[in-house]
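Chain by chain, the residues:
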Amino acid sequence: MEDSRELKAWCLALPKIELHAHLNGSIRNSTLLELARDLGEKGIIVFEDVAHIITNSGRSLSECFMLFDLFHVIATDHDTVTRITKEVVEDFASENVVYLELRTTPKNNESKGMTKRSYMKAVLDGLNAVDAVELVSSPFGKQCLKTAKFSKDQDRKNICVRLILSIDRRETTAAAMETVDLAIELRDLGVVGIDLSGNPLVGNWSTFLPALTYARENGLPVTIHCGEVHNKEEVNAILDFCPDRIGHACFLDEEDWSRLRSPQIPIEICLTSNHKTNCVPSIKDHHFVDLYSINHPMILCTDDPGLFSSSVSNEYYLAATTFELSRSEMYRLAQTATESVFADDAVKCFLREIFEDGKIYQGT
Ligand code: 6MZ
């Protein structure tokens, strides 16, 4: 097997597309610790109680959702949302993610004077504040995108960012509708789709279906967390809805797979997340293998790079080493993700160009 340092460097240099990353799951540990220490000093939380939880990266799926509640206490005020958005985009750019669909759940928090709209303004402010990278799409003007060319300067990383608004499974139908309305309103500012996420043991599909249908009627693509736990009835209902993409797809049976195959619904694959949350027994046994063998559209993603201490480059490295993929195969995997993005054709063309230019990365 080739030298692991060399392969890691190659995975880092490879232009990559990230389509499944949750903002609050992507916060740097150092930032979380700093924010938690501040809240500790103000007597709002006990820092020592949370510090070890933040730094421990192995957790079950249900522990993840408890942690998100903690993260939301630590990181949900306007200035912090702006800061973490900026940092998260910079982190993705620094590892050659050329296109990022960052998803986040708009939140109301009366005690902080926060509405879903003001939360999203804070996110957009974060995108606009990115200065270490060239935000190709900032402030999401299409002309800006058309004229942008990737810099040859190695120190300048360029990233095109779009947003997906998440509906949390704890929400009511009315709250989910409010999120879709917001997504429609912010479409010109870079919102390209809707996601359904949150604790898979909470909520019913029928609660969210009206909002997801409303999104679709308004031309917003929909991606859904599907099969993170055994729930045949819900997987069936999701496949009836036929989302534009699906996240995870861990607990699907043969019948579900054949239903997924005929419309070729792309799957956002999160190797580390699925392994750490015990949704798959090992990375080696991940359904990636079966999907790859039938050439099903897949995108390697991180889910929550902060929470699981991973990165997109690391997910590519894991796939290369576990499934013994050659550099050309890895390159193709990165390149085909272009066809699954929710952004418009101009962005797709732009991304196709990047990968055409990038023959250099193919190696052997
Ligand atoms: C389902 C997940 C998730 O939206 O506050 N989220 N939902 N499965 C997962 N796999 C581990 N990882 C993250 O980011 C955090 C929120 O994203 C969803 C959860 O609703 C979590 O609260 P935002 O930016």
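Only a predicted model underlies this, so the values are computations on that prediction, with no experimental measurement involved.

Student: How do you make sense of the packing of aromatic side chains when you look at a structure like this?
Tutor: The description of two aromatic rings rests on the distance between their centres and on the angle between their planes. Counted under the stated rule, the structure contains six aromatic pairs. Measuring from centroid to centroid gives 5.9 Å for Trp 205 and Phe 241, while their planes differ by 70 degrees, and the two rings are edge-to-face. Of the two residues, Trp 205 is situated in helix H9 (residues 205–217) and Phe 241 in helix H10 (residues 232–241); the sequence distance between them amounts to 36 residues. Between Phe 288 and Tyr 292 the ring centres are 5.5 Å apart and the planes differ by 10 degrees, which places this aromatic pair in the stacked class. With Phe 288 and Tyr 292 both in helix H13 (residues 288–293) and four residues apart, this pair spans about one turn of that helix. In this structure Phe 288 comes out as buried when scored by relative accessible area, which is 1%. Following the ring pairs from residue to residue traces out a cluster consisting of Phe 65, Phe 68 and Phe 71. Over the aromatic face of Tyr 317 sits the side chain of Lys 8, whose NZ or CZ is 5.0 Å from the ring centroid. Stacked on the ring of Phe 342, the Lys or Arg Arg 245 has its end atom at 3.8 Å from the ring centre.

Student: Please clarify how the pairing of strand E5 (residues 191–197) should be interpreted in this entry.
Tutor: In regular strands, side chains alternate between the two faces of the sheet. Of all the seven residues making up E5, seven are buried; the element is thus mostly covered by neighbouring parts of the structure. By the bridge criterion, six bridges tie strand E4 (residues 158–168) to E5 in an arrangement that is parallel. Opposite Ile 164, over in E5, you have Gly 193 as the bridge partner. Read as a crossover between parallel neighbours, the route from E4 over helix H8 (residues 173–185) to E5 is right-handed.

Student: Mind showing me how you'd approach the site of the ligand here?
Tutor: What surrounds the ligand is a group of 18 residues, the closest being His 72, Thr 104, Thr 105, Lys 107 and Asp 304. Contact distances for the ligand include 2.9 Å between an oxygen atom and a side-chain N or O atom of Asn 24. Contact distances for the ligand include 2.7 Å between an oxygen atom and a side-chain N or O atom of His 72. Out of a free accessible area of 510 Å², the ligand has 99% covered by protein chains. Mapping the ligand onto the cavity grids shows that it belongs to the second largest pocket. At four residues, helix H4 (residues 61–75) tops the list of elements feeding residues into the shell around the ligand. Class assignment for the residues of the shell around the ligand results in five nonpolar, eight polar and five charged.

Student: Help me understand the layout of surface pockets, please; the structure alone is not making it clear to me.
Tutor: Gaps between atoms show up when a probe of the same size as a water molecule is rolled over them. There is about 400 Å³ of room inside the second largest pocket. Along the walls of the second largest pocket sit 30 residues, with His 22, Phe 65, Phe 68, Ser 197 and Gly 198 positioned nearest its centre. Broken down by secondary-structure element, the contributors of at least two residues to the lining of the second largest pocket are H4, strand E2 (97–104), E4 and helix H12 (271–276).

Student: What am I meant to see in the confidence of the model for the protein here?
Tutor: Parts of the model with low pLDDT should not have their predicted coordinates read in detail. In this model, the protein carries a mean pLDDT of 90, and residues with pLDDT of at least 70 account for 90%. In this model residues 138–149 is a low-confidence stretch, pLDDT under 50, and it forms 23 contacts with partners more than four residues away in sequence or in other chains.

Student: Can you walk me through unusual backbone geometry in this structure?
Tutor: Leaving glycine out, the prevailing phi sign among residues is negative, and the prevailing peptide bond configuration is trans. Phi is positive for His 248, close to 80 degrees, though the residue is something other than glycine. Tracing the sequence through the fold places His 248 in strand E7 (residues 245–248). Taking relative accessible area as the criterion, His 248 reaches 0% and is therefore assigned buried. A positive phi is found at Glu 324, a non-glycine position, where the angle reads about 50 degrees. Here Glu 324 lies in the loop between helix H14 (312–322) and helix H15 (327–336).

Student: What is the right way to look at H9 in this model?
Tutor: Residues spaced three or four apart along an α-helix point in a common direction, a consequence of the helix completing one turn every 3.6 residues. Here H9 is 13 residues long and its end C-alpha atoms lie 18 Å apart, about the 18 Å a rise of 1.5 Å per residue gives. Looking only at H9, the buried set comprises Trp 205, Phe 208, Ala 211, Leu 212 and Ala 215. Close packing links the buried residues of H9 with E4, H8, E5, strand E6 (222–226) and H10.

Student: Help me understand the pattern of salt bridges in this model?
Tutor: Pairing is possible between side chains that carry opposite charge, provided their charged atoms lie close to one another. If you walk through the whole model with that rule in mind, you get 23 salt bridges. For Glu 6, the salt bridge identified is with Arg 327, shortest N-O distance 3.6 Å. Of this pair, Glu 6 sits in helix H1 (residues 4–13) while Arg 327 sits in helix H15; the two residues are 321 residues apart in sequence, bridging distant segments of the chain. For Glu 6, a relative accessible area of 48% corresponds to the partly exposed category. Residue class for Arg 327 comes out buried when judged on its relative accessible area of 14%.

Student: So what exactly am I meant to see when it comes to empty space enclosed by the protein here?
Tutor: In total, this model carries one cavity of 30 Å³ or more according to the counting rule given. Pro 200, His 225, Cys 226, Gly 227, Glu 228, Val 229, Asn 231, Glu 234, Val 235 and Ile 238 are the residues that line the largest cavity. At the level of elements, E6 and H10 are the ones that each hand at least two residues to the lining of the largest cavity. Sorting elements by how many residues they give to the lining of the largest cavity places H10 first, with three residues. Of the residues that constitute the lining of the largest cavity, the class distribution is five nonpolar, three polar and two charged.

Calculation criteria
- Residues numbered from 1 in each chain as written.
- Predicted model: local features only at pLDDT ≥ 70, side-chain atom pairs only at ≥ 80, totals over all residues.
- Heavy atoms only, no water.
- Phe/Tyr/Trp six-rings, centres within 6.5 Å; stacked < 30°, edge-to-face > 60°.
- Helix = DSSP H or I, 4+ residues; strand = E, 2+ residues; numbered from the N terminus.
- Buried < 20%, exposed > 50% of the residue type's maximum accessible area, 1.4 Å probe, protein only.
- Lys NZ or Arg CZ within 6 Å of the ring centre and 35° of its normal.
- Pairing = 2+ DSSP bridges.
- Right-handed = clockwise from strand over helix to strand, strands pointing away.
- Near = heavy atom within 4 Å.
- Polar contact = N/O pair within 3.5 Å; in protein donor to acceptor, adjacent residues only side chain to side chain.
- Areas by Shrake-Rupley, 256 points an atom, 1.4 Å probe, with all protein chains shown as cover.
- 1 Å grid on protein atoms, 1.4 Å probe; cavity = no way out; pocket = protein on both sides within 12 Å on 5 of 7 lines; lining within 4 Å.
- Sits in = over half its atoms within 2 Å of the grid points.
- Nonpolar A, V, L, I, M, F, W, Y, C, P; charged D, E, K, R; others polar.
- Points joined across faces, edges and corners; volume = space filled by probe spheres on them.
- pLDDT = per-residue confidence, 0-100.
- Contact = heavy atoms within 4.5 Å.
- Expected span 1.5 Å × (residues − 1).
- Salt bridge = Lys/Arg side-chain N within 4 Å of Asp/Glu carboxyl O.

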